[in-house]
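The chain contents come next:
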Amino acid sequence: MSDAKTKPQPKYRPFLKWAGGKYRLTEEINRLLPKRKSCLVEPFVGAGSVFLNSNFKHYILADINPDLINLFNTIKQDVEAYIQALRPLFFHPQANSAAYYYARRDEFNLSSDPFLRSVIFLYLNRFGFNGLCRYNGREEFNVPFGAYKKHYFPERELRYFAHKAQNADFICADFHKTFDLAEENSVIYCDPPYAPLPQNSNFTRYAGQDFSLAQQKALADLARQTAQDRGIPVILSNHDTPFTREIYQAAKLKRIKVQRSISQSALRRIKVNELIAVFK
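Keep in mind that this is a model prediction, so the values were computed, not measured.

## Here we look at the pairing of strand β7 (residues 234–239)
- Where burial is concerned, most of β7 is hidden: 6 out of the 6 residues are buried.
- For strand β4 (residues 186–190) and β7, the ladder comprises 3 bridges, and the chain directions are parallel. Residue pairing for β7: tyrosine 189 is matched across the bridge by isoleucine 235.

In structure tokens, the structure reads:
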């Protein structure tokens, strides 16, 4: 009898910091993704942790944030040119200063050049507060300076993302349109802005729009209908609350504990209950 153990699969970190990212849950989510499907559809791709740590022939990855989708398509097209343009921002003598950060944030908000915006977006993401992506009512990026002691240049992560992105289509679209793109060979994974917890301050204003409780319910209803009427399984993540349990009552539910916070302080990073809902 062999004592050989199955070699664990490597895990790939996204190059973006992302509040609520799913890097730590990729094994849990992967166990629920049906292997017989050949296409993974993500209407809320975020930093792409599930995409990076799953194995499908094709991906349809969407988000309503045009800056995020522009960034992904820029890297997919020419990652080497992107890295060369990004390097001077990260290694500028004043890169980790409030003055330099806010100057770049102003430059980003005033620019309409897609390539320049993609480069500054990643700098702002890595040097801003806690991986937040937030805009004000004028569609201006308004995340404050992060004041971190150390910074990491994600060159290896950028190259792996670009490699994997050759099998992906990145689109700027809401979840309704993205669901329409799913075909019979697809599985849909949704990681929407989370329903609020009573004890938590939640940043649900994303890309200039609020993801309301009505939209949470509309997403849950669409997931149920898609599984029932089209035979396409849908998996969703969210906070475990009475509200989410109600709207996901037609799904198989799995509760897990995860670390969740918008604070830099480890003392304020507490474990909370999350749900993974499977409609099939």
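## A short note on the UniProt feature "binding site: S-adenosyl-L-methionine" (unreviewed entry) in the protein
- Taken from the UniProt record, the annotation "binding site: S-adenosyl-L-methionine" (unreviewed entry) applies to Trp18, Lys22, Asp63 and Asp191.
- Tracing the backbone shows aspartate 63 in strand β2 (residues 58–63).
- A distance of 2.9 Å separates the side chain of aspartate 63 from the backbone nitrogen of asparagine 65, its partner in a polar contact.
- Locating aspartate 191 in the fold gives a position in the loop between β4 and β5 (205–206).
- A relative accessible area of 18% places aspartate 191 in the buried class.
- Beyond its immediate stretch of four places on either side in the chain, aspartate 191 contacts Gly20, Lys22, Phe44 and Ser237.
- Only 3.0 Å separates the side chain of aspartate 191 from the side chain of lysine 22, close enough to count as a polar contact.

## As for the packing of aromatic side chains
- Per the stated rule, a full pass over the model turns up 28 aromatic pairs.
- When the ring of phenylalanine 72 is compared with that of phenylalanine 170, the centres are 5.3 Å apart and the planes differ by 50°; the resulting orientation is tilted. Placement of the pair is phenylalanine 72 in helix α3 (residues 66–77) and phenylalanine 170 in strand β3 (residues 168–172), with a sequence separation of 98 residues.
- A relative accessible area of 0% means that phenylalanine 72 is categorised as buried.
- Since its relative accessible area comes to 7%, phenylalanine 170 is described here as buried.
- Here tyrosine 101 and tyrosine 102 contribute two aromatic rings whose centre-to-centre distance is 5.3 Å and whose plane-to-plane angle is 85°, an arrangement assigned as edge-to-face.
- Following the ring pairs from residue to residue traces out a cluster consisting of Phe90, Phe91, Tyr100, Tyr101, Tyr102, Tyr123, Phe127, Phe145 and Phe153.
- Lying across the ring of tyrosine 23, lysine 11 places its NZ or CZ 4.1 Å from the centre.

## Quick look at the pattern of salt bridges
- Across all of its chains, the model carries 13 salt bridges by this definition.
- Glutamate 28 is the salt-bridge partner of arginine 31, the closest N and O atoms lying 3.8 Å from each other. With arginine 31 and glutamate 28 both in helix α1 (residues 26–32), this residue pair falls 3 residues apart, about one helical turn.
- Between aspartate 67 and arginine 117 there is a salt bridge; the shortest N-O distance is 3.0 Å. Placement of aspartate 67 in helix α3 and of arginine 117 in helix α6 (residues 114–127) is noted, with a sequence separation of 50 residues between them.
- Residue classification places arginine 117 among the buried residues on the basis of a relative accessible area of 14%.

## Describing the environment of arginine 87
- Inspection of the secondary structure assignment puts arginine 87 in helix α4 (residues 79–90).
- Taking the relative accessible area as the measure of exposure, arginine 87 reaches 27% and is therefore partly exposed.
- Between the C-alpha atom of arginine 87 and that of tyrosine 123, which follows or precedes it by 36 residues, the distance is 9.4 Å.
- In this structure, arginine 87 is in contact with Phe153 and Glu155, ignoring residues within four places of it in sequence.

## Concerning the packing of α4 against α6
- It is at 10 Å that the axes of α4 and α6 come closest, and there the two elements cross at 50°. Of the possible angle classes, the one that applies to α4 and α6 is oblique. The hand of the α4/α6 crossing is right-handed. Where α4 abuts α6, its residues Ala81, Tyr82, Ala85, Leu86, Leu89 and Phe90 lie against Phe115, Ser118, Val119, Ile120, Leu122, Tyr123, Arg126 and Phe127.
- A breakdown of the residues in the contact of α4 with α6 according to their chemical character gives 12 nonpolar, 1 polar and 1 charged.

Basis of the calculations
Residues numbered from 1 in each chain as written. Predicted model: local features only at pLDDT ≥ 70, side-chain atom pairs only at ≥ 80, totals over all residues. Heavy atoms only, no water. Buried < 20%, exposed > 50% of the residue type's maximum accessible area, 1.4 Å probe, protein only. Helix = DSSP H or I, 4+ residues; strand = E, 2+ residues; numbered from the N terminus. Pairing = 2+ DSSP bridges. UniProt positions renumbered as here; feature names shortened; annotations may be inferred. Polar contact = N/O pair within 3.5 Å; in protein donor to acceptor, adjacent residues only side chain to side chain. Contact = heavy atoms within 4.5 Å. Phe/Tyr/Trp six-rings, centres within 6.5 Å; stacked < 30°, edge-to-face > 60°. Lys NZ or Arg CZ within 6 Å of the ring centre and 35° of its normal. Salt bridge = Lys/Arg side-chain N within 4 Å of Asp/Glu carboxyl O. Axes fitted to C-alpha atoms, helices over the stretch in contact; angles between N-to-C directions. Parallel < 35°, antiparallel > 145°, perpendicular 65-115°, else oblique. Left-handed = near helix turned anticlockwise from the far one by under 90°. Nonpolar A, V, L, I, M, F, W, Y, C, P; charged D, E, K, R; others polar.

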